[in-house]
Amino acid sequence: MIRIAFVMDAIDTLNLKKDSTLAMIRAAQTRGWQMGYLTLADISLEGGQVMGRVREIALTEAFARTMAPGDAEAGFCTLGDEASVPLGDFDVVMMRKDPPFDMEYIYATYLLERAEAQGTVVVNRPDSLRDCNEKFFATEFTDCTPPLIVARRQDLLMDFHAEHGDVVFKKLDGMGGMSIFRVREDDPNLRVVIETLTERGAQQIMAQRFVPEITAGDKRILLIDGEAVPYALARIPMQGESRGNLAAGGSGLGQPLSARDRYIAERVGPELRRRGLTFVGIDVIGDYLTEINITCPTCVRELDAAFDLDIAGDLLDSIADRLGDRAASP
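Residues numbered from 1 in each chain as written. Predicted model: local features only at pLDDT ≥ 70, side-chain atom pairs only at ≥ 80, totals over all residues. Heavy atoms only, no water.

Caption draft 1: Local environment of the packing of helix α1 (residues 20-30) against helix α9 (residues 311-323). Across the interface, α1 lies against α9 with an axial gap of 8 Å and an inter-helix angle of 60°. Judged by the angle between their axes, α1 and α9 are oblique. For the pair α1 and α9, the crossing hand works out as right-handed. Residues A23, M24, A27 and A28 of α1 pack against A312, G313, L315 and L316 of α9. Looking at side-chain class alone, the contact of α1 with α9 contains seven nonpolar, one polar and no charged residues. (Axes fitted to C-alpha atoms, helices over the stretch in contact; angles between N-to-C directions. Helix = DSSP H or I, 4+ residues; strand = E, 2+ residues; numbered from the N terminus. Parallel < 35°, antiparallel > 145°, perpendicular 65-115°, else oblique. Left-handed = near helix turned anticlockwise from the far one by under 90°. Contact = heavy atoms within 4.5 Å. Nonpolar A, V, L, I, M, F, W, Y, C, P; charged D, E, K, R; others polar.)

Caption draft 2: Focus on α1. Of all 11 residues that make up α1, eight are buried, and the element is covered over most of its length. Every buried residue of α1 is accounted for by S20, T21, L22, A23, M24, I25, A27 and A28. Backbone nitrogen of T21 and a side-chain oxygen of the N-cap are separated by 3.0 Å at the start of α1; the cap is D19. Positive phi appears at G32, one or two residues downstream of α1, with a value of about 75°. (Buried < 20%, exposed > 50% of the residue type's maximum accessible area, 1.4 Å probe, protein only. Polar contact = N/O pair within 3.5 Å; in protein donor to acceptor, adjacent residues only side chain to side chain.)

Caption draft 3: Here's a closer look at the sheet that holds strand β13 (residues 218-224). Taken in spatial order, the five strands of this open sheet run β15-β14-β13-β16-β17, and their pairing is antiparallel. The sheet terminates laterally at β15 (251-256) and β17 (288-293), the two strands that pair on one side only. On average, each strand axis in the sheet is tilted by 30° relative to the strand beside it, whichever way the strands run. Relative to β17, strand β16 (residues 279-285) runs antiparallel, the two being bridged by five bridges. (Pairing = 2+ DSSP bridges.)

Caption draft 4: Structural view of unusual backbone geometry. Here V123 and N124 are connected by a cis peptide whose omega angle stands at -5°. Its place among the elements puts N124 in the loop between β8 (121-123) and α4 (126-131). The backbone phi angle of R200 is positive, close to 55°, even though this residue is not glycine. Secondary-structure assignment places R200 in the loop between α6 (190-198) and β12 (205-209). For R200, a relative accessible area of 69% puts it in the exposed group.

Caption draft 5: Expanded view of the sheet that holds β12. Here we have four strands laid out as an open sheet, ordered β9-β12-β10-β11, and antiparallel in their pairing. Since the sheet does not close on itself, it has two edges, and those belong to β9 (148-151) and β11 (180-183), each with one partner. Averaged over all pairs of adjacent strands, the angle between strand axes in this sheet comes to 20°, irrespective of strand direction. Here α6 sits on the sheet and contacts β10 (167-171), β11 and β12; the angle it forms with β10, its principal contact strand, is near 20°.

Caption draft 6: Representation of the environment of L316 in the model. Looking at where L316 falls in the secondary structure, it is placed in helix α9. L316 sits in the buried class, given a relative accessible area of 0%. The sequence separation of L316 and A27 amounts to 289 residues, and the corresponding C-alpha distance is 7.3 Å. The residues contacting L316, other than those within four sequence positions of it, are I4, M24, A27, A28, R31 and W33.

Fair warning: the whole summary comes from geometry, so function is off the table for now.
Next up, the structure:
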């Protein structure tokens, strides 16, 4: 039997109708895997060994009812008693903690990297979680991205705006559509936006030429071990918005991948595999790659519902294949 631990946000904070980690727990339960639940606060290093205060988790029938319209059911899962367990004893540790990507997150990657050395498979690989900033990582694929600049100097950012006229400015560590500003030509707020985001020149930010195809949606494409799921979730901005993020009020529309979507996924996929990034969500607006989401990719439940998929199951099957003989052991 495969033992899998989910490092995630506190159970009582989850969106039961949308949370992708719950889909992964359900897929593991369906396969008869032994499952554990813990948060970042439950991980420690003791005597050179990475330990977790882990509780067994199981979804109940009430969780299945959250898939239908209506309020989420109470009692959607059961939790066992807390036990101190070496994380290296698990076959797999799924790192599914939502951002913010702060120092606590980085410290967690140090701990998980040590657990990895002690024998567990960590998804996604801790050193790559630490190294691959979700916005900056996309700049590695210059043939796929819109014109952009990463800078903290006001003159450089203003020159970029003068060249392109309609520009999106954003923090490198932003999430969920937070701190994203669209600045059009002759916008009187240009300087104050740059001053605010860079904290008066103290922090690097990104500026991208605005992609007008955002009106058709910011497409989330999920990749498992470098291979794209054949459908995307286009997150369409609400009226008067230029952000498609669901957290910013966007609505999701499933659609097949376009030829350009497939090209971008095929460009990015080999590098994801090389870095041990097993489950990734890339964001594509029009013909352009804008972000590579590696910390806690979402939209699994929405795509499953739209196209009768089992993305979490496909992910766990891929991981089981990697485990080899351990997957077949009783």
